[in-house]
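# Observations on the three-dimensional arrangement
Residue strings, one per chain:
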Amino acid sequence: MRLDKLLAELTGMTRSQARDVIVKGIVCVNGEVKKVTAEQVKEEDVVLTLDGKELTFQRYVYYMLNKPAGTVSATQDKESKTVLSLLSAEDRKRRNLFPVGRLDKDTEGLLFLTDDGILSHKLISPKKHADKLYFAKLSREITKEDIAAFASGMKVDEELTAMPAVLRTLTEEEYAAFLPEGGAAAAVTLQEGKFHQVKRMFAATGNEVLYLKRMAMGGVVLDEALLPGEYRELTNEEVLVLQKSVAE
Ligand code: URA
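Residues numbered from 1 in each chain as written. Predicted model: local features only at pLDDT ≥ 70, side-chain atom pairs only at ≥ 80, totals over all residues. Heavy atoms only, no water.

## Observations regarding the nonpolar core
The biggest cluster of nonpolar side chains holds 31 residues, and the ones touching the most others in it are Leu138, Phe150, Val188, Met201 and Phe202. Broken down by secondary-structure element, the contributors of at least two residues to this core are β5 (62–67), β9 (108–114), β10 (132–138), β12 (184–190), α7 (197–204) and β13 (209–217). A per-element tally of this core places β12 first, with 4 residues. Residues in contact with Met201, not counting those within four places in the same chain, are Phe150, Met154, Val156, Ala162, Ala165 and Leu190. (Core = buried A, V, L, I, M, F, W, Y, C linked by side-chain atoms within 4.5 Å. Buried < 20%, exposed > 50% of the residue type's maximum accessible area, 1.4 Å probe, protein only. Helix = DSSP H or I, 4+ residues; strand = E, 2+ residues; numbered from the N terminus. Contact = heavy atoms within 4.5 Å.)

## Re the sheet that holds strand β2 (residues 32–33)
Taken in spatial order, the 4 strands line up as β2-β1-β3-β4 in an open sheet, and their pairing is antiparallel. In this open sheet, the two edge strands, each paired with only one partner strand, are β2 and β4 (53–55). Judged from the 3 bridges that link them, strand β3 (residues 48–50) and β4 form a sheet pairing that is antiparallel. Along β4, the bridge assignment pairs Thr49 with Glu54. Taken strand by strand, helix α1 (residues 3–11) contacts β1 (27–29), β3 and β4, and its axis lies near 70° from that of β3. (Pairing = 2+ DSSP bridges. Axes fitted to C-alpha atoms, helices over the stretch in contact; angles between N-to-C directions.)

Put into structure tokens, the structure is as follows:
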């Protein structure tokens, strides 16, 4: 990769800012000052310093977004606001980011955005068994029969027989935070993500999802400090948790 491109990626500088600091002679590659902006460097093998400070290469970037209702899980859309439009211009420009799977337009909660296609693919593959936890506001309370139906891998409709899923009531604490206004609610953990799956599973038991929020995926929990529309980078520990959740 060109030195100016690598420096821009590592620091968030524009390419022209990166070129300026290289020409100034404050960028070292493996301890040697380099002033040629087009110098080819191997990003995995070099130690790069800027003004004496070591820069580390981040191969991929990972964000968690608290997706608000009304946004579509796509990189582009003619009619609606996309989840990518919620990122700052700088973060959007940084990489070719895309959402990891989809949430419905009216669904809120945890959505990862990344440029890591391999991890993304694994997280949405039902074969890899990454858990997705949803909290749902419902038209009626769940029953023991509903819990058994979810656990058994129910036939949802002509097109979908679901893999076994865990349905449960919310803890007191979860309920107070999720539904302070009151009403029926439940938590469901699935390992697949077919179109409208949670809504269709509840519909198959004669219930209706009135509001849906994803709370966790692959062992990483939505940061409750993030308001709808807000996002942050994953910590290194969270990336490791995600990777572990799909390693087999
Ligand atoms: N299941 C649904 O029905 N909708 C979502 O957005 C996610 C899972």
